[in-house]
Amino acid sequence: MAETNGDTAAPAQYKPEMRKQPMGNFISPSRKTNGIGIQAEDTRICVVMVGLPARGKSLIAQKVVRYLHWLSIKAKTFNVGQYRRTATPNPNAAFFDTTNPEGERLRRAAAEAAVNDMVKWFHSGEGLIAILDATNSTKGRRAWIRDRCDAEGIETLFVESKCDDEDLIMSNILEVKTTSPDYVGQDPEEAAQDFRNRIRNYEKVYQTIDEDESDLTYVKLIDVGQHVIINRIQDYLQSRVVYYLMNLHIKPRAIWLSRHGESNYNLSGKIGGDADISTRGEAYARALPGLVKQMAGDRQLTVWTSTLKRTIQTARFLTFEKLEWKALDELDSGVCDGLTYAEIATQYPEDFAQRDEDKYNYRYLGGESYRDVVIRLEPIIMELERSENILIVTHQAILRCIYAYFMNVPQERSPWMEVPLHTLIKLTPRAYSTQEERLKADIPAVSTFRAKGSQAVHQEGTG
Ligand code: SIN
């Protein structure tokens, strides 16, 4: 098990390229595997959002794209409202009245422009999954999209968000009135009223997906996942998206993250292993309940640790329910387990350099890459999406991957992020981004961060 990075060299007959992973930067991508170690069939999918305004469609679209990017699946949102805004930046509710021919013409033109760009994007070979983010509220509009996609060899997966929960609709209206570019510079109360009128205009023509459209591939999410109806899912990639959608809830919540307290391996600059925490690590473990109280108040949390001693020891003074996950164990550094960076650089110089070049894809001999870790963390992400009030005590590489999912950090950057010891992080997912707070304990610890190109041993620092 490895704590951070390092490199491997080779047994005599071993050549580093033997363990370069398919589809990393080393071998040119093939859509058959998509470079992610999971099956992504030779398909292109247009995920077509369906639903009245203020039903969380854009939030769902944004989360799906973030999740797919995290898995290295190329995905992009095409938002029809954005296309419409080029001709009509600040329409009032009357624009969305279907008896307004000019409004209808401009809205149709915006939908066509979005679909045309999406088709071009697929044909450029850039992507696997597009999200068409619009109301797509009539059967006629959906049939048009399906025919257009069929003609281009693109599968369609319709995702309807149907919601009658007044609280949720109201909170979306509030979000829109304060954040939508349609209402920029307008009085918030007038904006909210106009938006309600816009919804009424859509309601006049809205057709939910029903048995007339039983030949469509679709998912109906009713009241944010309380009830889910699935029809004609055709392949692995579609079912993967559907599985993610089924796990989503969009209620307000936060997630707390911490690395284990400083370990004896951290002190000696070694990576991996299953060392005990140091005296200062023990001080952090004792301080952790107080830090959690400061950040989470009286909330009843559930604590997830890895199966390694340093995380279990760090969490042991927390009085909450605890769960150990093997999937939260540190990135496995294979033959480099128990070595210092200096030893790795000397014993495995070629690999040390290669890992610096493409740290995300680099797999330790007999161990793992960051890409491997992301795959094994997927059940953790699903469970996090389903849960509330989770505190995770884990390791540097694992924390980087979880953090990258919530904060949308690109994979070239995620393995190089600094995640200090003795610091509690709170992440609060919001409608369009995740908010972050950090609380640092006043307990010194070595810094285990190694910058690209450096052979530094762990530095004495303040955590
Ligand atoms: C918009 O113009 O804001 C959205 C168009 C639509 O999805 O109906």
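Because the structure is a prediction, the values reported are computed rather than measured.

Draft legend 1. Structural context of the overall build of the protein chain. Scanning the protein chain from terminus to terminus reveals 14 helices and 14 strands. Taking contacts inside the protein chain between residues at least 6 apart in sequence as the whole, the part at least 24 apart equals 70%.

Draft legend 2. Here's a closer look at the packing of helix 13 (residues 370–386) against helix 14 (residues 396–407). Look at helix 13 against helix 14: their axes get within 10 Å of each other, and the N-to-C directions meet at 65°. For the pair helix 13 and helix 14, the sense of crossing is right-handed. For the pair helix 13 and helix 14, the contacting residues are Tyr370, Val373, Val374, Leu377 and Ile381 in the first and Ala397, Ile398, Cys401, Ile402 and Tyr405 in the second.

Draft legend 3. Molecular detail of the pairing of strand 11 (residues 423–429). As paired strands, strand 7 (residues 255–259) and strand 11 are joined by 4 bridges and run antiparallel to one another. The partner of Leu257 across the bridge, within strand 11, is Ile425. Pairing of strand 11 with strand 12 (residues 434–440), which is carried by 7 bridges, proceeds in the antiparallel orientation. In the sheet register, Leu424 faces strand 12, and the bridge partner there is Leu439.

Draft legend 4. How the structure looks around the site of the ligand. What surrounds the ligand is the set Val80, Gly81, Arg84, Arg107, Ala110, Ala134 and Thr135. Of all the secondary structure elements, the ones that give two or more residues to the shell around the ligand are helix 2 (80–87) and helix 3 (101–123). In terms of residues, the shell around the ligand owes the most to one element, helix 2, which gives 3 residues. A per-class count over the shell around the ligand returns 3 nonpolar, 2 polar and 2 charged.

Draft legend 5. Expanded view of the sheet that holds strand 7. The 6 strands are arranged 9-8-10-7-11-12 in an open sheet whose pairing can be described as mixed. Looking along the sheet, the strands with just one partner apiece sit at the ends: strand 9 (321–324) and strand 12. Pairwise comparison of adjacent strand axes, ignoring direction, gives a mean angle of 20° for this sheet. Two elements, strand 8 (residues 302–305) and strand 10 (residues 390–394), share 4 bridges in a ladder whose sense is parallel. The partner of Thr302 across the bridge, within strand 10, is Ile390.

Draft legend 6. Region of interest: the packing of helix 5 (residues 166–179) against helix 6 (residues 188–205). Orientation of helix 5 relative to helix 6, taken along the N-to-C sense of each, is 125°, at an axis distance of 9 Å. Considering their axes alone, helix 5 and helix 6 lie oblique with respect to each other. Considering how the two elements wind past one another, helix 5 and helix 6 form a crossing that is right-handed. Touching Ile173, Val176, Lys177 and Thr178 of helix 5 are Pro188, Ala191, Ala192, Phe195 and Arg196, all from helix 6. In terms of residue class, the contact of helix 5 with helix 6 is built from 6 nonpolar, 1 polar and 2 charged.

Draft legend 7. Local environment of the pairing of strand 8. In terms of strand pairing, strand 8 meets strand 9 through 4 bridges, oriented parallel. Considered in strand 9, the bridge of Val303 is made with Lys322.

Draft legend 8. How the structure looks around the sheet that holds strand 6 (residues 227–231). Sheet architecture is open: 6 strands sit in the order 2-3-1-4-5-6, paired in mixed fashion. Among the strands making up the open sheet, the edge pair consists of strand 2 (75–79) and strand 6. In this sheet, neighbouring strand axes are inclined to one another by 15° on average, regardless of whether the strands run parallel or antiparallel. Pairing of strand 5 (residues 218–222) with strand 6 involves 5 bridges; the strand directions are antiparallel. Looking at the pairing, Lys220 lines up with Ile229 of strand 6. Docked against the sheet, helix 3 engages strand 1 (45–50), strand 2 and strand 3 (129–133), running at close to 175° with respect to strand 3.

Scoring rules and cut-offs
Residues numbered from 1 in each chain as written. Predicted model: local features only at pLDDT ≥ 70, side-chain atom pairs only at ≥ 80, totals over all residues. Helix = DSSP H or I, 4+ residues; strand = E, 2+ residues; numbered from the N terminus. Contact = placed C-beta atoms within 7 Å. Axes fitted to C-alpha atoms, helices over the stretch in contact; angles between N-to-C directions. Left-handed = near helix turned anticlockwise from the far one by under 90°. Pairing = 2+ DSSP bridges. Near = placed C-beta within 6 Å. Nonpolar A, V, L, I, M, F, W, Y, C, P; charged D, E, K, R; others polar. Parallel < 35°, antiparallel > 145°, perpendicular 65-115°, else oblique.

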